[in-house]
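Summary of structural features
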Amino acid sequence: REKAREERRLSDPHAGEGAIVDIDVGYDGAWQKRGQGHNSLTGVGHAIGVKCGGVVGHSTRNKKCRTCDSAKRKGTEAAPHECRANWEKSAKAMEPDIAVELANGAAADGIRFATVIGNDDSSTIKKLREEVDSTIAKWSDITHAKRSVGSNLYKIKKDHKELTANVIKYFEKQFSYAVQQHKDDPDGVRSALRSVVPHAYGDHTGCGDWCKGRTDASYRHSNLLNGKPLANDRTKEAVSTIFQTFAGNAEKLAPMGSSQRNEAFNNTILSKLPCFSSQSSRLLDSEASPEERPCISTFALGWSVISYFGVWFSYDLLWLTHWYGYGYNILL
């Protein structure tokens, strides 16, 4: 709750007592089983404020309760306990459902999720717009977007010999340059992305001032084999299709949103609770004491130190902050 209020203050320092302030959040989920987690019994979702860098909301979904299951197997009545079972649908549906819960509950802290930053899984933003607010904006996480470019290129690699590992890395790099050089300019991002493939194939008519090939007939590519442009027309068409798709999402890419703090938090959860289950999920809830919540407290100071020094430390720092007792609770 403290971090939610801090995000509110940072987003609008002049907001009145009862005013609802729009905030931008990174949102992501994690499951008991790594990867897609389609068959996991437990999942967690969390929203992190862009300005304060703290967890402004989180919740868990659990398909099982050990106490209830044990009593059922024995044919007896379960002893009084805090039952964690609260989910019957698929594991994949946990993440969107938690997002809706957090967005609906945000008003209690005087905030509204105006923009959600995350990967390109459309199920979460679709559910948020249907059940919470149709005006919620979606920004793509730039790191996920870059990985997606590479993944799409690797999918067609077997049918296009020109797409070597180095060529794919070249296109990933050009994608990053196109977005970074036109931050907050959707039209610039769109134009730059559409010029990437023609540039690689020797056509510089759509390039910007950055391209020496516009004025130098002897221009050589610094990141392509022998400095020569690519030549296969069939590969050019296939790669162009991929980049045209991303160019069509320029509005989502231009803000250069990032949910890497969410990724770091996921790693912290899984490192502190490697056997993340319905019972251990209680340690993530606000009812648990600060001493019971190593994930939350560890993550807090880890990101504070990273932000303070402006250096991307390894996740080992997150371990150290817990073992030496300097973690701070960022929820209460």
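Please read these numbers as outputs of a predicted model, since none were measured by experiment.

**Description of the environment of E237**
Here E237 is to be found in helix α8 (residues 233-247). A relative accessible area of 57% means that E237 is categorised as exposed. As for E237 and V197, which are separated by 40 residues in sequence, their C-alpha atoms are 8.9 Å apart.

**Examining the sheet that holds strand β1 (residues 21-31)**
The sheet built from five strands is open, its strands ordered β3-β2-β1-β4-β5 with mixed pairing. Looking at strand neighbours, the two that pair on one side only are β3 (55-62) and β5 (137-140), the edges of this open sheet. Strand-to-strand twist in this sheet, taken as the mean axis angle between neighbours without regard to direction, amounts to 30 degrees. Here strand β2 (residues 42-49) pairs with β3 via seven bridges, running antiparallel. Considered in β3, the bridge of G43 is made with R61. The sheet contacts of helix α4 (residues 122-131) involve β1, β4 (111-118) and β5, and relative to β5 the element is tilted by about 165 degrees.

**Observations concerning the state of the cysteines**
Per the stated rule, a full pass over the model turns up zero disulfides. Considering cysteine sulfurs only, C68 is the nearest to C83, which forms no disulfide, with 3.7 Å between them. Take C211: it sits in no disulfide, and the sulfur closest to it among the cysteines is that of C207, at 3.8 Å. Judged by its relative accessible area of 4%, C211 is buried.

**Regarding unusual backbone geometry**
For N226, which is not glycine, the phi dihedral falls at a positive 60 degrees. With respect to the helices and strands, N226 occurs in the loop between α7 (186-200) and α8. A positive phi angle, close to 55 degrees, is found at M256, a residue other than glycine. Assignment of secondary structure puts M256 in the loop between α9 (250-253) and α10 (260-272). The class of M256 is partly exposed, set by a relative accessible area of 23%.

**Some points on the environment of E251**
As for its placement among the helices and strands, E251 is situated in helix α9. Leave out the neighbours within four places in its chain, and E251 touches P186 and R190. At 2.5 Å, the side chain of E251 forms a polar contact with the side chain of R190.

**Quick look at the packing of aromatic side chains**
Scanning the model with the defined rule gives four aromatic pairs in all. Pairing F171 with F243 gives two aromatic rings, centres 5.8 Å apart and planes at 55 degrees, and the pair type is tilted. Note that F171 is positioned in helix α6 (residues 165-180) and F243 in helix α8, a separation of 72 residues in sequence. Of the two residues examined, F171 and F243, each falls in the buried class.

**Brief notes about the pairing of β5**
Residues K138 and S140 point to one face of β5 and are all buried, whereas A137 and W139, pointing to the other face, are not buried. Relative to β5, β4 is paired through four bridges, and the arrangement is parallel. Within the sheet, the bridge partner assigned to V116 lies in β5 and is K138. Where the polypeptide runs from β4 across α4 and back to β5, its parallel neighbour, the crossover connection is right-handed.

**Digging into the packing of helix α5 (residues 142-156) against α8**
Helix-helix packing is described using two parameters, namely the angle between the two axes and the distance between the axes. Contact pair α5 / α8: the axes reach a minimum separation of 10 Å and the direction vectors enclose 155 degrees. Looking at the two axes, α5 sits roughly antiparallel to α8. Here the hand of the crossing between α5 and α8 comes out right-handed. Contact residues: A145, S148, V149, N152, L153 and I156 in α5; A238, V239, I242, F243 and F246 in α8.

**A short note on the nonpolar core**
Within the largest apolar cluster, 31 residues are counted, with the highest numbers of intra-cluster contacts made by L153, L163, F171, F175, L193 and F243. Sorting the residues of this core by element identifies α5, α6, α7, α8 and α9 as the ones contributing at least two each. Top contributing element to this core by residue count: α6, with seven residues. When sequence neighbours within four positions are dropped, the list of residues in contact with F171 reads L153, L163, V196, V197, A200, L230, V239 and F243. Ranked by size, the runner-up nonpolar core spans 20 residues in total, among them Y27, I98, A99 and A103.

**Quick notes on α7**
With 15 residues, α7 extends 22 Å from end C-alpha to end C-alpha; this agrees with the ideal 21 Å at 1.5 Å per step. For α7, every residue scored as buried is listed here: G188, V189, R190, A192, L193, S195, V196, V197, H199 and A200. Where α7 is buried, its residues meet α6, α8 and α9. Of the residues flanking the end of α7, it is G202, one or two places downstream, whose phi is positive at about 90 degrees.

What counts and how
Residues numbered from 1 in each chain as written. Predicted model: local features only at pLDDT ≥ 70, side-chain atom pairs only at ≥ 80, totals over all residues. Heavy atoms only, no water. Helix = DSSP H or I, 4+ residues; strand = E, 2+ residues; numbered from the N terminus. Buried < 20%, exposed > 50% of the residue type's maximum accessible area, 1.4 Å probe, protein only. Pairing = 2+ DSSP bridges. Axes fitted to C-alpha atoms, helices over the stretch in contact; angles between N-to-C directions. Contact = heavy atoms within 4.5 Å. Disulfide = S-S within 2.5 Å. Polar contact = N/O pair within 3.5 Å; in protein donor to acceptor, adjacent residues only side chain to side chain. Phe/Tyr/Trp six-rings, centres within 6.5 Å; stacked < 30°, edge-to-face > 60°. Right-handed = clockwise from strand over helix to strand, strands pointing away. Parallel < 35°, antiparallel > 145°, perpendicular 65-115°, else oblique. Left-handed = near helix turned anticlockwise from the far one by under 90°. Core = buried A, V, L, I, M, F, W, Y, C linked by side-chain atoms within 4.5 Å. Expected span 1.5 Å × (residues − 1).

Geometry only, nothing functional implied.
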